[in-house]
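# Understanding the architecture of this molecule
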Amino acid sequence: MSNKEQITPYFPDINLFLCPKEITSFEEANRNHINALRDTKLAYNIKYANKLTEYQNIYNQRTIMPIKKDFSQFMSHMKSWKRKNNYDFAFVFQRRKKSYKKFNEKIRLFITTYLNAESEDIRRKYSLERLCDAIGIRLILVLGKYDTHESVAMCYKILNEVNYFFTVKKGYMPLSAEPLVDLGFNPSEYPSVVIPTEEECIIPDGLEVNVKDYYKTPKFHSYQSLHIAYRSPQYGLPFEIQIRTMATHTRVEYETSMHDEHDKNRYPNPIILDYPNINLYGYQYIEKKIEKKYVVEDFIGIEESIDPFNLIY
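Here the residue numbers are simple positions, counted from 1 along each chain's written sequence. Whole-chain, interface and lining totals are the exception, using all residues; otherwise, since this is a predicted model, local features are given only for residues with pLDDT of at least 70 and side-chain atom pairs are given and counted only at 80 or more. Working from all heavy atoms in the structure, the side-chain values ignore hydrogens and water.

What follows covers the pattern of salt bridges. Opposite charge on two side chains allows them to pair when their charged atoms are near. Salt bridge criterion: a side-chain nitrogen from Lys or Arg within 4 Å of a carboxyl oxygen from Asp or Glu. One pass over the structure, following the stated rule, counts 18 salt bridges. A salt bridge links R95 to D307; the nearest nitrogen and oxygen atoms lie 2.9 Å apart. With R95 in strand β1 (residues 90–97) and D307 in the segment after β8 (293–298), the pair connects residues that are 212 residues apart, well separated along the chain. Exposure is judged per residue with a 1.4 Å probe applied to protein chains only, and the accessible area is read against the type maximum: over 50% gives exposed, under 20% gives buried, and values in between give partly exposed. You can call R95 partly exposed: its relative accessible area is 23%. Of the charged contacts in the structure, one is a salt bridge between D121 and R124, with a shortest N-O distance of 2.4 Å. Of the two residues, D121 and R124 both sit in helix α6 (residues 120–125), three residues apart, roughly one turn of that helix. Given a relative accessible area of 34%, D121 falls into the partly exposed group. For helices the rule is a DSSP run of H or I covering at least 4 residues; for strands it is a run of E covering at least 2, with both sets numbered from the N terminus onward.

Listed below in structure tokens is the structure:
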């Protein structure tokens, strides 16, 4: 273990931009955040600002609408592929935009890890260019209550068809995968988790560097999925496709509160939002004084993951 003193990067307080005195749009708040990052003159914050500029493009109709069209065609293509091959299972498509809070936390994690990396390999893996999951589609296979080797193998068949659609039919470029994280899976703790065999993990030659394969290498808390990201040379905005079975989805989303544990372990210094004072169009904080609780209506995705094509334009 290295005795090197850890570098703690400086980031402007995000609440300064989300909580203005006068109500404003998310786009304006994000622009102010970007400008503040640039004003620090720190190289890592300049890259941070550039990544938020990319995130801002989700709100640009000229950027997002062509991708929406391709996503719709992708869903139709997969339905046709399923009928052509006489598969009788169903698909569920979930479109999502990563919340602004989570996206900023992930950028900060990448920057902090990069600055404290002890090897060039780690710095390469945590370059912000590899952060590509601001928007995406989750493709869920409805194949039964429990995973089997056959159902997991089907995820790899679908991965191949996904790649055919985006690279061959649409001309998208597959991107280098983010590093696998939160490893250390212990199969004795999760005996129902299915680990595919080498024969079942069929990924096209040359595509291995573009796929995050959490089926073959689950996270320590049993998270499994296949992830692959693409970027269109025409539109520029990257996105991620996630592929999993319904049995896997149910386990990782609901059974063991894994997302909460994931965030606690992965983001040890989370962003604390000043919820009552967030003052943006499309966000509403309501305090229930009798119940001593509060509720949030978040149409713009500050804290919640939302459909990127249902945003306020």
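This part covers the confidence of the model for the protein chain. Each residue gets a pLDDT score, which is the predictor's confidence in that residue and runs from 0 to 100. On average, residues of the protein chain score 90 in pLDDT, and 92% of them are at 70 or above. Confidence, read as mean pLDDT per element, is least for helix α9 (residues 258–266) in the protein chain (56) and greatest for helix α1 (residues 15–18) (98).

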